[in-house]
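Residue-level structural notes
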Amino acid sequence: MIQIETIGQADFQQDCETRLAAYIAATISCATAPKPPSIMPEVIFPGPEGRLEGRFSPAPRPRAPVAMILHPHPASGGTMNNRMVIELYKTFQRRGFATLRFNFRGVGKSQGTFDNGIGELSDAASALDWVQSFHPEAQTTWIAGVSFGAWIGMQLLMRRPEIRGFISVAPPANMYDFTFLAPCPSSGIIIQGDADEVVTPSAVQKLVDKLRTQKHITIHHDVIPRANHFFEHEMTELMGSVDNYLDMRLDPNSPIK
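First, a word on scope: everything that follows refers to the structure included in this document. (Residues numbered from 1 in each chain as written. Predicted model: local features only at pLDDT ≥ 70, side-chain atom pairs only at ≥ 80, totals over all residues. Heavy atoms only, no water.)

Things to note about helix H3 (residues 118–134)
Taking 1.5 Å per residue as the helical rise, H3 with its 17 residues ought to reach 24 Å, and the 26 Å between its terminal C-alpha atoms agrees with that figure. Three or more residues of H3 are buried, namely Gly119, Glu120, Leu121, Asp123, Ala124, Ala127, Leu128, Trp130, Val131, Gln132 and Phe134. (Helix = DSSP H or I, 4+ residues; strand = E, 2+ residues; numbered from the N terminus. Expected span 1.5 Å × (residues − 1). Buried < 20%, exposed > 50% of the residue type's maximum accessible area, 1.4 Å probe, protein only.)

As structure tokens, then:
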């Protein structure tokens, strides 16, 4: 765990970056080890309304891609320790990505208060900036989100052209406006449970149909039988869908770039 002292904001950021940079250098120097590092160090980094808490797995090699995972709605108990968020984090980590999951403002040790998505989008942008400060030569960037986190993630990809792929699990198309995806700049996958009691499958299907009318992107859509909003008993099927999609997208011969 990275220990952070109570210091001024500028000194805090410099201290945090210096310590984590040393950790990343040590990790990369061990890139020939047979297994990727299993450590998930706690990190605290500056956000728009104060410090944000996260877990970060540095990449084991230079120019590795970056992935960031966004958690469900804080008012419904969503945190970076959500089961789906952790599994998404682990699958990107296993594939050698520099991977971050973090708590939005007001959750866990993250400072600030819930801001109905506006501030949370700023949190996500700051978090991505922070990761990229350690991996400025990343080959590509991916964003993954669960429910509310999927809505924030899809807004972020509209603002960050370096994001080349997304995974959206149960995006709340019946609760939030997704018309900002005009046009959607990246290909990705939307995964939905057909027994979702929170996000209606019909609303998600409508979103998928709209995105599929756009040129130059490809939208995959997997519907998991019997799965509810939390994929309570279908986690294996959910992660199978994610891994199959990543296998296809990360293949050097993938038709989707």
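Examining unusual backbone geometry
Of note, the amide linkage connecting Ala182 to Pro183 takes the cis form, showing an omega dihedral of -5 degrees. For Pro183, the location among the structural elements is in the loop between strand E6 (163–169) and strand E7 (187–193). Unusually for a residue other than glycine, Asn116 sits at a positive phi of about 55 degrees. When its relative accessible area of 56% is taken as the criterion, Asn116 is described as exposed. In this structure, Arg226 takes a positive phi of about 70 degrees despite not being glycine.

A look at the packing of aromatic side chains
Summed over the entire model, instances satisfying the criterion amount to 14 aromatic pairs. With centroids separated by 6.2 Å and ring planes inclined at 70 degrees, the aromatic side chains of Trp142 and Tyr245 adopt a geometry described as edge-to-face. With a gap of 103 residues between them, Trp142 in strand E5 (residues 141–146) and Tyr245 in helix H6 (residues 235–250) connect regions that are remote in the sequence. Residue classification places Tyr245 among the buried positions, given a relative accessible area of 3%. The residue whose ring lies beneath Arg101 is Tyr89, and the NZ or CZ to ring-centre distance is 4.8 Å. (Phe/Tyr/Trp six-rings, centres within 6.5 Å; stacked < 30°, edge-to-face > 60°. Lys NZ or Arg CZ within 6 Å of the ring centre and 35° of its normal.)

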